[in-house]
Amino acid sequence: MSISFNSRRSPCLSLRGCVASSQQIATQVGLRVLDAGGNAADAAVAVTAALNVTEPCSTGIGGDCFCLYYDAKQKKVLGLNGSGRSAADLSLQRLADEGFTQSNPLPDRHPYNATVPGAAAAWLDTISTFGSGKLSVKDILGPAIDLAREGVPIAPICAFFWNRGAAVLQRDLKENHGEDMLLNGKAPEAGDVMKMPLLADTFQALVDHGKDGFYGGRIAQAIADVVKANGGALTVDDLANHRTTFEDPIHTSYHGVDVWEIAPNGQGLTALMALNILEEFQMKGNATQQVSLPLAVHMLARFSY
């Protein structure tokens, strides 16, 4: 599938708030939450859960989550790090004993790379810490649950990237759950209606039991079992011990505009350093400081990677 288009994007203007995401159905979910009395934090979680249904090749409850929230009363940017830890039993010595070193690292898809999924806890912590307090978890995750049960039409761009990852879902694992995200063994095509009832059940577990619904019981055991079956080290204790981290964000100023990011282990530090470098190459009345856009992009790309 080839996608080519050229468009001019107009700014979105509103008097009562805006919602932006990569998928219009998910954006509509965020607007519904705002209309129901929720704030930006409530809407962000609702949109993220909806994107897990409409665009699972981009985000999902099985990954991590970071949040930057501006508290208007405190006039302060607050940070939440919802990334999960590696298995407690996975030490550097264990890796070395198995032949993995800096010069011989783990393959990208090695089961040892599986960490605790931090997103579920981060969603709930975002709601409880930054949310409006006017809406329940059911109110916020309810739209995504309905989408997963009733089905959503798959957009062309999503179908394109879904198909690129289909081989991973189709491969013969010892415990193959990839079929849950396939239609008749294949990635859905543009316009296909995709239902994910098991994902809806997972969201419902968060509604009914909070964090324990994900980091304990049936779901935690299922995660630990499938990781173990494929040679990983993650255990139910690793999931039960997971905690979200609240921390002060880091920031820089780019031509008078403050830019905030979550501190490492996230990659936001790279963006801030790149902005600091780019600022030095802007025209400041000295022609020797002028750099062409292609060269600037090349420099930043080399630095970032």
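Provided above is the structure to which this section pertains.
Just so we're clear, the structure is a prediction, and the values are computed from it rather than from any experiment.

### Quick word on the overall build of the chain
Here's step 1: What the chain contains, in helices and strands, is 13 helices and 7 strands.
Here's step 2: Burial statistics for the chain: of 305 residues in total, 38% are counted as buried.
Here's step 3: Look at the contacts in the chain between residues 6 or more apart in sequence, and 66% of them connect residues 24 or more apart.
Here's step 4: Looking at the chain as shown, the accessible area adds up to about 18,200 Å², and 52% of this sits on carbon and sulfur atoms.

### Here we look at the nonpolar core
A general trend in soluble globular proteins is that nonpolar side chains are found buried together.
Here's step 1: Ranked by size, the top nonpolar core spans 67 residues in total, and within it Val53, Ile61, Trp123, Trp162, Phe203, Leu206 and Phe214 carry the most contacts.
Here's step 2: Among all residues touching phenylalanine 214, those that are not within four sequence positions of it are Ile61, Pro117, Ala120, Thr202, Leu206, Ile219, Ala220, Ile223 and Leu239.

### With respect to the sheet that holds strand β5 (residues 245–247)
Here's step 1: Strand order in the open sheet formed by 3 strands is β1-β2-β5, with antiparallel pairing between adjacent strands. In this open sheet, the two edge strands, each paired with only one partner strand, are β1 (66–71) and β5. Averaged over all pairs of adjacent strands, the angle between strand axes in this sheet comes to 25 degrees, irrespective of strand direction.
Here's step 2: Across 3 bridges, strand β2 (residues 76–81) lies against β5 in antiparallel orientation.

### Focus: the packing of helix α1 (residues 24–35) against helix α2 (residues 40–54)
Here's step 1: Running from N to C, α1 and α2 cross one another at 150 degrees; their axes reach a closest spacing of 8 Å. Of the possible angle classes, the one that applies to α1 and α2 is roughly antiparallel. At the point where α1 passes α2, the crossing takes the right-handed sense. Contacts between α1 and α2 involve Ile25, Ala26, Val29, Gly30, Val33 and Leu34 from the former and Ala40, Asp42, Ala43, Ala46, Val47, Ala50, Leu51 and Thr54 from the latter.

### Digging into the pairing of strand β6 (residues 250–254)
Here's step 1: With 5 bridges connecting them, β6 and strand β7 (residues 257–261) associate as antiparallel partners. Its bridge partner lying in β7, histidine 251 is registered against tryptophan 260.
Here's step 2: Between β6 and β7, which pair antiparallel and follow one another directly, the connecting turn spans 2 residues, one of which, histidine 255, has a positive phi of 50 degrees.

### Re helix α5 (residues 137–150)
Here's step 1: In this model α5 runs 20 Å from its N-terminal to its C-terminal C-alpha over 14 residues, within 8% of the 20 Å that 1.5 Å per residue would give.
Here's step 2: Its axis deflected by about 30 degrees at proline 143, α5 carries its strongest bend there.
Here's step 3: Those residues of α5 not exposed but buried are Ile140, Leu141, Gly142, Pro143, Ala144, Ile145, Leu147 and Ala148.
Here's step 4: In this structure, the buried residues of α5 make contact with α1, α2, α4 (119–130), β3 (152–153) and α8 (197–209).
Here's step 5: Looking one or two residues beyond α5, the residue adopting positive phi is glycine 151, at roughly 100 degrees.

### What to know about α8
Here's step 1: With 13 residues, α8 extends 18 Å from end C-alpha to end C-alpha; this agrees with the ideal 18 Å at 1.5 Å per step.
Here's step 2: Summarising the contacts, the buried residues of α8 are in contact with α2, α4, α5, α9 (212–215) and α10 (217–229).
Here's step 3: Directly beyond the C-terminal end of α8, a positive phi value near 65 degrees is found at glycine 210.

### Quick look at the pattern of salt bridges
Here's step 1: All chains considered together, the criterion is met by 3 salt bridges.
Here's step 2: Between arginine 94 and glutamate 98 there is a salt bridge; the shortest N-O distance is 3.5 Å.
Here's step 3: For arginine 94, a relative accessible area of 26% gives the class partly exposed.
Here's step 4: Notably, a salt bridge pairs aspartate 201 with arginine 149, separated by 2.9 Å at the nearest N-O pair. Taken together, the residues aspartate 201 in helix α8 and arginine 149 in helix α5 connect sequence positions 52 residues apart.
Here's step 5: Residue classification places arginine 149 among the partly exposed positions, given a relative accessible area of 38%.

Cut-off values and rules
- Residue numbers here run from 1 along each chain, matching the order of that chain's written sequence.
- Local features in this predicted model are restricted to residues of pLDDT 70 or higher, and side-chain atom pairs are both shown and tallied only at a pLDDT of 80 or more, whereas totals for entire chains, interfaces and linings draw on every residue.
- Excluded from the side-chain calculation are hydrogens and water; included are all heavy atoms of the structure.
- Helix and strand assignments come from DSSP, with helices taken as H or I runs of at least 4 residues and strands as E runs of at least 2, each series counted from the N terminus.
- The buried label applies to any residue whose accessible area, calculated with a 1.4 Å probe on protein chains only, is under 20% of its type's maximum; exposed applies above 50%, and partly exposed to all values in between.
- Only heavy atoms matter for contacts: two residues are in contact if any of them lie within 4.5 Å across the pair.
- Working definition of accessibility: Shrake-Rupley area with a 1.4 Å probe, residue cover restricted to the visible protein chains.
- Among buried residues, the Ala, Val, Leu, Ile, Met, Phe, Trp, Tyr and Cys ones that are joined through side-chain atoms within 4.5 Å form a nonpolar core.
- A pair of strands counts as paired when DSSP detects no fewer than two bridges linking them.
- For helices, the axis comes from a line fit to the C-alpha atoms of the stretch in contact; other axes are also lines fit to C-alpha atoms, and the angle between any two N-to-C directions lies between 0 and 180 degrees.
- Should an angle fall under 35 degrees it is called roughly parallel, over 145 degrees roughly antiparallel, and 65 to 115 degrees roughly perpendicular, with every other angle called oblique.
- We call a crossing left-handed when the near helix sits turned anticlockwise from the far one by less than a right angle, and right-handed when that turn is clockwise.
- The span one expects for a helix is its residue count, reduced by one, times 1.5 Å.
- Note on bend: at a given residue it equals the angle between the axes fitted to the 7 residues ending there and to the 7 starting there.
- In the sections that follow, a salt bridge refers to a side-chain nitrogen of Lys or Arg positioned within 4 Å of a carboxyl oxygen of Asp or Glu.

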